Amino acid sequence: MKNRIKDLREDHDLTQRQIADGIGITQRKYSYIETGVQPLTDDLLVRLARYYGVSIDYLLLQTDNPKRNP
């Protein structure tokens, strides 16, 4: 399965630590999210969507359009 969260991080040339710091979690927890060990909670989805400026549907592979609805 495609991992859009990892793809976004790599596309922005960021480390796991940078993303983790940006959304207020540990690097280890972020690593677990990327690998699927830690499930994505609603709160984490919102934080990631805000961080990247994309929709939650985009993060969840429900659309290929990253734009957020106003």
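Residues numbered from 1 in each chain as written. Predicted model: local features only at pLDDT ≥ 70, side-chain atom pairs only at ≥ 80, totals over all residues. Heavy atoms only, no water.

Draft legend 1. Spatial organisation of the overall build of the chain. Broken down by element type, the chain carries 5 helices and 0 strands. Expected size for 70 residues packed as a compact globule is a radius of gyration near 11 Å; at 11 Å, the chain falls within 12% of this value. C-alpha atoms of the chain, sized along the principal axes, occupy 30 × 25 × 25 Å. For the chain, buried positions account for 31% of its 70 residues. When the accessible surface of the chain is summed, it comes to about 4800 Å², and 45% of that surface belongs to carbon and sulfur atoms. With 11 positive and 10 negative side-chain charges, the chain shows a spacing of 4 Å between the two charge centroids. (Helix = DSSP H or I, 4+ residues; strand = E, 2+ residues; numbered from the N terminus. Rg over C-alpha atoms; globule rule 2.2 N^0.38 Å. Buried < 20%, exposed > 50% of the residue type's maximum accessible area, 1.4 Å probe, protein only. Areas by Shrake-Rupley, 256 points an atom, 1.4 Å probe, with all protein chains shown as cover. Lys, Arg positive; Asp, Glu negative; His and termini not counted. Charge placed at Lys NZ, Arg CZ, Asp CG, Glu CD.)

Draft legend 2. Local environment of unusual backbone geometry. For Asp-13, which is not glycine, the phi dihedral falls at a positive 55°. Relative to the helices and strands, Asp-13 resides in the loop between helix 1 (4-11) and helix 2 (16-23). Backbone geometry at Leu-61 places phi at a positive 65°, although glycine is not the residue there. Relative to the elements of secondary structure, Leu-61 occurs in the segment after helix 5 (56-59).

Draft legend 3. Quick look at the packing of aromatic side chains. Per the counting criterion, the structure on display carries 1 aromatic pair. Ring centres 5.3 Å apart and planes at 85° place the aromatic pair Tyr-51 and Tyr-52 in the edge-to-face group. For Arg-4, the ring lying beneath its charged end belongs to Tyr-58, and the centroid distance is 3.9 Å. (Phe/Tyr/Trp six-rings, centres within 6.5 Å; stacked < 30°, edge-to-face > 60°. Lys NZ or Arg CZ within 6 Å of the ring centre and 35° of its normal.)

Draft legend 4. Region of the structure containing helix 3 (residues 27-35). Those residues of helix 3 not exposed but buried are Tyr-30, Ser-31, Ile-33 and Glu-34. Buried residues of helix 3 fall within an arc of 160° about the axis and therefore sit on the same side. Looking at helix 3, the residues exposed on the side facing more than 90 degrees away from the buried face are Arg-28 and Thr-35. Elements that come into contact with the buried residues of helix 3 comprise helix 1, helix 2 and helix 4 (42-52). The first or second residue beyond helix 3 is Gly-36, which carries a positive phi of 85°. (Arc of directions from axis to C-beta. Contact = heavy atoms within 4.5 Å.)

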